[in-house]
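# Inside the fold
The lines below spell out each chain.
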Amino acid sequence: MDTAISPELATKAERDDLLTLGVEEEYLLVDAAEPRAAEAVDAVFAELPGELRDGVQHEYYRTQIEVASPPQLELDELAASLHRLRSGVAAAAERAGVRLVAVGTAPATGQNARIVDDERYHRMRQRFGDLSPGQGMCGTHVHVSIPDPETGVQVLNHLRPWLPVLQAATANSPLFGGRDTGYASWRSMMWERWPTVGPTPYLRSHEHYLTLIGDLEASGAMLDAGMLYWYARLSASYPTVEIRMGDVMPTADDAVLLAALARALVGTLLNEVRAGIEAPDVEHPLLMAAHWRAAHDGLEGLNIDMATREPRPAWRLLRQLFDYVRPELDRHGDLATVTALMGRLHEHGTGAARQRAMLASGASVGDVVDELARATRGEPENPPID
């Protein structure tokens, strides 16, 4: 599966002034009978059909696997691609004797996983030590096309105030080590241990962006540009803005909703950049507080309204974002789909809320993992246990 944009798609996007869209998702591999993570990535790769291999790759730990959709213009094509990848990799995992689970952190207890036998990963482990103990952290990355890097940097500035509420909508890791951590996204808290994780700074230009990358490499805080783990960055491989603060989400439809909102947001902000509207220079500590609140509360609690600097219901802020980007949703033909998916999210809650609802109804951590595996593959969700 080719993850580079085709000339035909690029021509159509330019002709119709539309933005392409792609999604990367990381998953956890879990034992077939128990909820603990399993170091089975090589066995799963051996079972992958040839037509999926170009879209699947290793991650840091042997308990993880990552997929990347091809760039798309149509939301239904993106949904079909994610469903195909999830079901295909899930089937390969089952043939290898494990399960594929879309969850931010390993919910059950288990031994710390070993890293994949890769030269770069070994260098990372040697330099940074045990910054991510456990069995793997799994996120979602959304790529949206931009016309050029200089414009992309200005989009990054405009994105900063909006990313906490998108992070809240992705929360899908309340459990770790067999217990509720008190956070909707425990992955977010574990991930922040790495030195370059955090909100994107306010950037003066693309030259400033490149200078910061060089300075961070020289400092030893990262080995290369691939370790620039800001919540939004310019992709090092594609002409895109990469939005990367979220947990991997339980279903492909959840991921499609995030991707559609991200594209509409980038499209809206591109219009502001072209109109010469300056991005608000939101203070870094306030952004940090908002991202912490997103990790703690998820979408079911509060977050910070960046315009008033006051806490407000996170769902209301997400609805505000929806209203703000509605013209771009409509222009890309995504409005009806996103309206339906927003309604579903409002009814069922985030992945974190769904997991907690199961536990409150008497389910075990093993039951939660079983349900997550079904949701990952695309099977209908079971009703909560009475």
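Residues numbered from 1 in each chain as written. Predicted model: local features only at pLDDT ≥ 70, side-chain atom pairs only at ≥ 80, totals over all residues. Heavy atoms only, no water.

### Notes on unusual backbone geometry
One non-glycine residue with positive phi stands out, namely Asp 17, at about 55°. Even without being glycine, Arg 309 reaches a positive phi, approximately 65°. Secondary-structure assignment places Arg 309 in the loop between strand E10 (302-305) and strand E11 (310-313). Residue Arg 309 is classed as exposed on the basis of its relative accessible area, which comes to 52%. (Helix = DSSP H or I, 4+ residues; strand = E, 2+ residues; numbered from the N terminus. Buried < 20%, exposed > 50% of the residue type's maximum accessible area, 1.4 Å probe, protein only.)

### Thoughts on the pairing of strand E3 (residues 64-68)
Of all five residues in E3, five are buried; the element is thus mostly enclosed. Going residue by residue along E3, you find Gln 64, Glu 66 and Ala 68 tucked away on one face and Ile 65 and Val 67 tucked away on the opposite face as well. Pairing of strand E1 (residues 21-31) with E3 involves five bridges; the strand directions are antiparallel. Within E3, the position partnered with Glu 24 by the bridge is Ala 68. Linkage of strand E2 (residues 56-58) to E3, two consecutive antiparallel strands, is achieved through a turn of five residues. (Pairing = 2+ DSSP bridges.)

### Thoughts on empty space enclosed by the protein
Taken as a whole, this structure holds one cavity of 30 Å³ or more when the rule is applied. Taken as a whole, the largest cavity holds about 50 Å³ of empty space. For the largest cavity, the full set of lining residues is Ala 169, Thr 170, Met 249, Asp 254, Leu 257, Leu 258, Leu 261, Leu 318 and Leu 345. Residue assignment for the lining of the largest cavity shows that the elements contributing at least two residues are helix H6 (163-170) and helix H9 (252-274). Classifying every residue of the lining of the largest cavity by side-chain character gives seven nonpolar, one polar and one charged. (1 Å grid on protein atoms, 1.4 Å probe; cavity = no way out; pocket = protein on both sides within 12 Å on 5 of 7 lines; lining within 4 Å. Points joined across faces, edges and corners; volume = space filled by probe spheres on them. Nonpolar A, V, L, I, M, F, W, Y, C, P; charged D, E, K, R; others polar.)

### Looking at the packing of aromatic side chains
All told, the structure shown has 11 aromatic pairs when counted by the stated rule. Judged by centre distance (5.4 Å) and plane angle (55°), the ring pair of Phe 128 and Trp 194 falls under tilted. Of this pair, Phe 128 sits in helix H4 (residues 119-128) while Trp 194 sits in the loop between helix H7 (186-191) and helix H8 (206-219), and the two are 66 residues apart along the sequence. For the pair Phe 128 and Trp 194, one class covers both residues: buried. (Phe/Tyr/Trp six-rings, centres within 6.5 Å; stacked < 30°, edge-to-face > 60°.)

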